[in-house]
Amino acid sequence: MTNEEPAGGAAWDGGWLRAARRLDSPNFGPRPPGACIDLLVVHSISLPPGRYGGDEVQRLFTNRLDWDAHPYFGQIRGLEVSAHFYIRRDGALWQFVSADDRAWHAGASQWRGRANCNDDSVGVELEGLEGDRFEDAQYDVLAGLAAALADRYPVAHVAGHEHIAPGRKQDPGPGFDWCRLGRLLQGRRIALPPSR
């Protein structure tokens, strides 16, 4: 990244989107030299699965989750992960890692002939569960976020975790309406994953 503020820079403070609520995660690192931030990866998450509205996701991404608070948490005990952004069911937008940096959201992954998607992507978690539907506010905020990212970075592709890690991940799943996101992004040169 250069020190020069690109187009759309008024919305950003470095790699931090001013419209998002900031909560710094320790789970990140530098992007490799020459990384091209051109991919937006959509995930879904709820902790415990299917429960919405708590602060468990924020606690997970900041290594403050009480592993003994719910039986499910024992299955993920010690996990150190993050995403750049998190969109709640009501559309509230949180940011945990600067988009200039590499968040730990994709794991073993591949897209467009490139492995290690964390290197060149921005990860966005939607509060939700694979197979469930997502809320209107989440689509609106996601589309606005994609536009803001595309104004600052060369974002040209959007894919789900299920697309970059097929067989290993299923999110955001069949409840996510890719056509709806495409309509909201109409006029932007951002490619969606091929329909199946």
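Before any of the text, the structure's been laid out above.
Structural notes, computed from the coordinates. Keep in mind the model is a prediction, meaning the values are calculated, not measured. (Residues numbered from 1 in each chain as written. Predicted model: local features only at pLDDT ≥ 70, side-chain atom pairs only at ≥ 80, totals over all residues. Heavy atoms only, no water.)

## Digging into the packing of aromatic side chains
The geometry of an aromatic ring pair is captured by the separation of the ring centres together with the interplanar angle, meaning the angle of the planes. Our working rule: Here a Phe, Tyr or Trp ring, Trp counted by its six-membered ring, pairs with any other such ring whose centre lies within 6.5 Å, and the pair is stacked when the planes are under 30 degrees apart, edge-to-face when over 60, and tilted otherwise. Helix and strand labels come from DSSP, where a helix needs a run of H or I of at least four residues and a strand needs a run of E of at least two; each type is numbered from the N terminus. Whether a residue is buried, partly exposed or exposed follows from its accessible area with a 1.4 Å probe, protein chains only, as a fraction of its type maximum: under 20%, in between, or over 50%, in that order.
As enumerated under the stated definition, the model contains seven aromatic pairs in all. Between the aromatic rings of Y139 and F176, the centroid separation amounts to 5.2 Å while the plane-to-plane angle is 25°, which identifies the pairing as stacked. Placement of Y139 in helix α2 (residues 136-152) and of F176 in the loop between α3 (161-164) and α4 (178-184) is noted, with a sequence separation of 37 residues between them. F176 carries the same exposure label as Y139, and that label is buried. Their ring planes at 70° and their centres at 4.6 Å tell us that F176 and W178 sit as a pair that is edge-to-face.

## Overview of the pairing of strand β11 (residues 121-127)
Across the seven residues of β11, seven count as buried, placing the element largely inside the fold. With burial as the criterion, each face of β11 is covered, one bearing S121, G123, E125 and E127 and the other bearing V122, V124 and L126.

## Notes on the nonpolar core
Quick note on the threshold: We define a nonpolar core as any set of buried Ala, Val, Leu, Ile, Met, Phe, Trp, Tyr and Cys residues linked to one another through side-chain atoms lying within 4.5 Å. The contact criterion used throughout is that any non-hydrogen atoms of two residues lie within 4.5 Å.
In this structure, L40, F85, L142, L149 and F176 are the most contacted members of the largest nonpolar core, which totals 29 residues. Elements that contribute at least two residues to this core include exactly β5 (39-45), β6 (85-87), β11, α2 and α4. Residue contacts for L142: discarding those within four places in its chain leaves L40, V42, I87, V124, L126, F176 and L181. Counting 16 residues, the second-largest nonpolar core is a separate cluster that includes I45, L65, I76 and A83.

## Some words on the state of the cysteines
Short version of the rule: The disulfide definition used here is simple: a pair of cysteine sulfur atoms within 2.5 Å.
Scanning the entire structure with this criterion turns up zero disulfides. No disulfide involves C36; its sulfur sits 13 Å from that of C117, the nearest cysteine. What makes C36 partly exposed here is its relative accessible area of 32%.

## Digging into the environment of R180
Going by this rule: N or O atoms closer than or at 3.5 Å make up a polar contact, with two conditions inside protein: a donor-capable atom paired with an acceptor-capable one, and, for residues adjacent in sequence, both atoms drawn from side chains.
Of note, R180 is situated in helix α4. The partly exposed category is assigned to R180, whose relative accessible area is 22%. Along the chain, R180 and L60 lie 120 residues apart, while their C-alpha atoms are 29 Å from each other. For R180, the contacting residues outside a window of four places in its chain are D136 and Y139. At a separation of 2.8 Å, a polar atom in the side chain of R180 contacts the side chain of D136.

## A word on empty space enclosed by the protein
Selection criterion: Think of a 1 Å grid over just the protein atoms. A cavity is a set of points where a 1.4 Å probe fits yet cannot get out, a pocket is an open set with protein on both sides within 12 Å along at least five of seven lines, and lining residues have an atom within 4 Å of a point. Grid points are joined across faces, edges and corners, and a volume is the space filled by probe spheres set on the points. Residues were grouped as follows: Ala, Val, Leu, Ile, Met, Phe, Trp, Tyr, Cys and Pro as nonpolar; Asp, Glu, Lys and Arg as charged; and all remaining residues, including Gly, as polar.
Going through the model one piece at a time under the given rule, you end up with one cavity of 30 Å³ or more. Roughly 50 Å³ of volume is contained in the largest cavity. S46, L47, R51, Y52, G53, G54, E56, V57, Y86 and E127 are the residues that line the largest cavity. Residue composition of the lining of the largest cavity, grouped by class: four nonpolar, three polar and three charged.

## Focus on the layout of surface pockets
Space inside the largest pocket adds up to approximately 540 Å³. Residue lining of the largest pocket: 27 residues in total, with S44, I45, L79, E125 and K169 positioned closest to the centre. Secondary structure elements with two or more residues in the lining of the largest pocket: β5 and α1 (56-61). For the lining of the largest pocket, the element with the highest residue contribution is β5, accounting for three residues. For the lining of the largest pocket, the residue count by class is twelve nonpolar, ten polar and five charged.

## What about the pattern of salt bridges?
When the charged atoms of two side chains with opposite charge come close together, those side chains can pair. Applicable threshold: Each salt bridge in this description consists of a side-chain nitrogen of Lys or Arg and a carboxyl oxygen of Asp or Glu lying within 4 Å of one another.
Applying the stated rule across the entire model yields 13 salt bridges. Between D38 and R112 there is a salt bridge, and its shortest N-O distance comes to 2.8 Å. Taken together, the positions of D38 in the loop between β4 (28-29) and β5 and R112 in the loop between β9 (110-111) and β10 (114-115) put the pair 74 residues apart, joining distant regions of the chain. Among the residues examined, R112 registers a relative accessible area of 29% and is labelled partly exposed. Two residues, R114 and D120, come together in a salt bridge whose shortest N-O distance is 2.4 Å.

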